[in-house]
Amino acid sequence: MLTVAIQKSGRLSEATLKLLNDCGISFRNGNTPKLKSSATNFPLQILFLRDDDIPECVADGITDAGIVGENVCAEKEKPVEIIERLGFAQCRLSIAVPREFDYQSQEDLNGLNIATSYPNLLGQFLKTQNIRASIREISGSVEVAPGIGWADAIFDIVSTGSTLISNGLKEVETVMESQAVIIAGKPLSPEKEAIREKLLFRIRAVNRAKNYKYILLNSPNDALERIAEILPGIKSPTVMPLALEGWSSVHTVIREDDFWELIEDLKDAGAQGILATPIGKMVV
Ligand code: PRT
Ligand code: ZN
């Protein structure tokens, strides 16, 4: 049995449980967070914790792995390693100053009082950049600190940037990019290692599929060669004859990012009836 710590209730919880569900793993009590939950069809037990406690829990070997924001993992400075990046809960840790602050360069941070819930990461940044500023540690609602005269600037999570704007702040330095990650600590027994590999295999298949689309199109036979050149595919496209003479159906997989670029070229080459559908799982 593998044990994994995940966030009890917060921005990571729903996406984490969805990822596990997409991996075909179901839990007793549905997805209702309690302290613990065991999977009904996979040797996995989930422990629901506050995200701040997850790195320590993994480092101490209380659980075999954890799913947490890279930002929290870096801030806690525990002996854990990131074994997979999961592509959700993306955000960045940035320094922001009041909108009217005439910010030119990092030198302008010297002498400021910067509020944050991430004192270690901010301290490291200030040290490596040779900036002499003081750190005011606040546990929440950091963005209000400059407005009430508690700090000159803040160092906090930014996602869309709208929280900064609504508090009269502007982002001036991005210090770290973050997303949800799986972390691991102490070495595992061969049995647990095998379960972890099985879980990672499923997670990679689900996440890989999110970046690709399955494409189907109809092509005149004399355009097939050109269309096959345009479509990168995993190996090469599948081509099947249509009932209509002189035409074929072409199936392949393309990267989501390439979709709009390729569509134009495919149409120009003579493709018709182009369909793109999401892929559930993808094993290469
Ligand atoms: O209760 P617990 O301690 O478990 O949770 P928490 O309140 O400490 O964390 P939670 O659930 O808010 O966030 C968990 C993780 O989600 C963070 O550690 C990040 O890795 C990630 N994440 C992704 C975010 C955001 N996006 C985000 N936008 N965490 C927080 N925010 C907040 C941010 O603090 C700021 O107040 O949203 C605001 C900024 O958002 P924008 O869109 O206005 O820029
Ligand atoms: Zn937290």
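Residues numbered from 1 in each chain as written. Chains lettered and ligands numbered in written order. Predicted model: local features only at pLDDT ≥ 70, side-chain atom pairs only at ≥ 80, totals over all residues. Heavy atoms only, no water.

Colleague: I would appreciate a short explanation of the coordination of the zinc ion (ligand 2) in the present structure.
Modeller: The textbook angles at a metal center are 109.5 degrees for a tetrahedron of four donors and 90 or 180 degrees for an octahedron of six. At the metal site, the zinc ion (ligand 2) is ligated by Asp-51 (OD) and Asp-52 (OD), and these contacts range over 2.1 Å. In this structure, the zinc ion (ligand 2) is coordinated by four donor atoms arranged in irregular fashion, with angles at the metal of 77 to 171°. Accessibility expressed as a relative area gives 18% for Asp-51, which makes it buried. The exposure class of Asp-52 is partly exposed, given its relative accessible area of 28%. (Donors = N, O, S within 2.8 Å, 3.2 Å for Na, K, Ca; no water. Tetrahedral: all angles 85-135°; square planar, octahedral: opposite > 155°, others 65-115°. Buried < 20%, exposed > 50% of the residue type's maximum accessible area, 1.4 Å probe, protein only.)

Colleague: Could you clarify how one ought to interpret the environment of Leu-12 in this entry?
Modeller: Assignment of secondary structure puts Leu-12 in the loop between strand E1 (2–7) and helix H1 (13–22). Leu-12 gets classed as buried once you look at its relative accessible area, which sits at 7%. Every residue in contact with Leu-12, bar those within four places of it in the chain, is listed here: Gln-7, Ile-67, Val-68, Gly-69, Phe-88, Ala-89 and Ala-180. (Helix = DSSP H or I, 4+ residues; strand = E, 2+ residues; numbered from the N terminus. Contact = heavy atoms within 4.5 Å.)

Colleague: It is not clear to me how unusual backbone geometry should be interpreted in this structure. Could you clarify?
Modeller: Note: most residues except glycine have negative phi, and most peptide bonds are trans. The residue Glu-77 is not glycine, and still its phi comes out positive at about 50°. Residue position: Glu-77 is located in the loop between helix H3 (70–76) and strand E5 (81–85). Owing to a relative accessible area of 48%, Glu-77 belongs among the partly exposed residues under this scheme.

Colleague: What is the right way to read the packing of aromatic side chains from this model?
Modeller: Aromatic ring pairs: the centre-centre distance and the angle between the two ring planes describe each pair. In the structure shown here, the tally under the stated rule is two aromatic pairs. Ring geometry for Phe-101 against Tyr-103: centres 6.2 Å apart, planes inclined by 45°, an arrangement best described as tilted. Between Phe-259 and Trp-260, the ring centres sit 4.8 Å apart and the planes meet at 80°, which makes this aromatic pair edge-to-face. For Trp-260, a relative accessible area of 65% corresponds to the exposed category. (Phe/Tyr/Trp six-rings, centres within 6.5 Å; stacked < 30°, edge-to-face > 60°.)

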